[in-house]
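Take a look at the letters that make up each chain.
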Amino acid sequence: MNRIFLVTVLMVLVVLVGAVEASVSHVSEQCGRWTVSFDWSDADGYSKSVSQADNEDNKVKIYTDTLTLKSDDNPLKTIKISIMKYAKWNSSLSKLSNLMNLANSTLIKSGSCKDIRVSIGEIDGKTGVVGSGLGCNSGKILHDAVYCVDSSSPAIPPSTLAIILSSYDQDSTDRLVNSVHVE
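Enquirer: Help me out: how do you make sense of the overall build of the protein chain in this one?
Expert: Along its length, the protein chain carries three helices and ten strands. Mapped from its N terminus to its C terminus, the protein chain presents α and β elements in the order α-β-β-β-β-β-α-β-β-β-β-α-β. For the protein chain, the residues scored as buried account for 38% of the 183 residues in total. Long-range contacts, defined here as pairs at least 24 residues apart, represent 50% of the contacts in the protein chain between residues at least 6 apart. Total accessible area on the protein chain is roughly 10,500 Å²; 55% of this is exposed by carbon and sulfur atoms.

As structure tokens, this is what we get:
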């Protein structure tokens, strides 16, 4: 009797795990001149918006396209994917110290987080930085990821950075960051 019960429970767990995995889709969204693709849970509906901005840093023009995903169920849950194209190529963009500083400053500016933790990770097949901010404004926990979109070839100096900022839970953020691809 105990074996039958155990086998039944295991079968139910296998079916549930299969159902959870089946509810994830690979999504592609336009973000200005870029296409951003990522894995997303079908249960998490979102609305999207795209914005563009141009600014200058040390006399270098920066063109930024931002894709914002806002939860249909909870408008406080958002993910912003900003792709920053620098007019002047700069090899220092892909340095880990620059990526770490950018991840830290993004969390500080976005939520005045008190405790920030960043680490090196792989994003879109490239070395990048992932971070979390705790004790942020409104009790939020923020997550971010920063990487060089065009750093795969040493012959071509990097000119494009991607910054992902999320107020979604850790699992949803990790799913997106671990599957994101920018073209």
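Still more to cover.
Enquirer: Could you clarify how one ought to interpret the nonpolar core in this entry?
Expert: Buried together is how nonpolar side chains tend to be arranged in soluble globular proteins. Counting 23 residues, the largest nonpolar core has Val36, Phe38, Trp40, Ile79, Ile164 and Leu176 as its most contacted members. Where this core is concerned, the elements lending two or more residues are strand 1 (24–31), strand 2 (34–41), strand 4 (60–71), strand 5 (78–86), strand 8 (142–148), strand 9 (160–166) and helix 3 (170–179). Of the residues forming this core, the biggest block, four residues, is contributed by strand 2. Not counting chain neighbours up to four residues away, the residues in contact with Ile79 comprise Trp40, Leu67, Thr68, Leu69, Ile164, Leu165, Ser166, Tyr168 and Leu176. Val60, Leu93, Leu99 and Ile163 belong to the second-largest nonpolar core, a separate cluster that totals 13 residues.

Enquirer: Help me understand the packing of aromatic side chains, please; the structure alone is not making it clear to me.
Expert: Between two aromatic rings, the relevant description is the distance of the centres plus the angle of the planes. Tallying each qualifying case throughout the model produces three aromatic pairs. Note on Trp40 and Tyr46: the rings are 5.5 Å apart at their centroids and 85° apart in plane angle, and the pair reads as edge-to-face. For the pair formed by Trp40 and Tyr46, the shared burial category is buried. An angle of 80° between the planes, with centres 5.2 Å apart, marks the rings of Trp40 and Tyr168 as edge-to-face. In this pair, Trp40 is assigned in strand 2 and Tyr168 in the loop between strand 9 and helix 3, connecting sequence segments 128 residues apart. A single burial state applies to Trp40 and to Tyr168, both of which are buried. Site record: aromatic cluster; members linked through ring pairs are Phe38, Trp40, Tyr46 and Tyr168.

Enquirer: Mind showing me how you'd approach helix 3 here?
Expert: Three or four residues apart is the spacing at which side chains of an α-helix point the same way, because the helix has 3.6 residues per turn. Residues Ser172, Thr173, Leu176, Val177 and Ser179 constitute the buried set of helix 3. The opening residue of helix 3 is Asp169, an N-cap whose side-chain oxygen sits 3.1 Å from the backbone nitrogen of Asp171.

Enquirer: I keep staring at the side chain of Ser159 and nothing clicks. Help me out?
Expert: When you line up the elements, Ser159 lands in the loop between strand 8 and strand 9. Exposure remark for Ser159: the relative accessible area of 1% places this residue in the buried category. Contact partners of Ser159, with chain neighbours within four places excluded, come to Met84, Lys85, Tyr86, Trp89, Leu93 and Asp150.

Analysis parameters
Residues numbered from 1 in each chain as written. Predicted model: local features only at pLDDT ≥ 70, side-chain atom pairs only at ≥ 80, totals over all residues. Heavy atoms only, no water. Helix = DSSP H or I, 4+ residues; strand = E, 2+ residues; numbered from the N terminus. Buried < 20%, exposed > 50% of the residue type's maximum accessible area, 1.4 Å probe, protein only. Contact = heavy atoms within 4.5 Å. Areas by Shrake-Rupley, 256 points an atom, 1.4 Å probe, with all protein chains shown as cover. Core = buried A, V, L, I, M, F, W, Y, C linked by side-chain atoms within 4.5 Å. Phe/Tyr/Trp six-rings, centres within 6.5 Å; stacked < 30°, edge-to-face > 60°. Polar contact = N/O pair within 3.5 Å; in protein donor to acceptor, adjacent residues only side chain to side chain.

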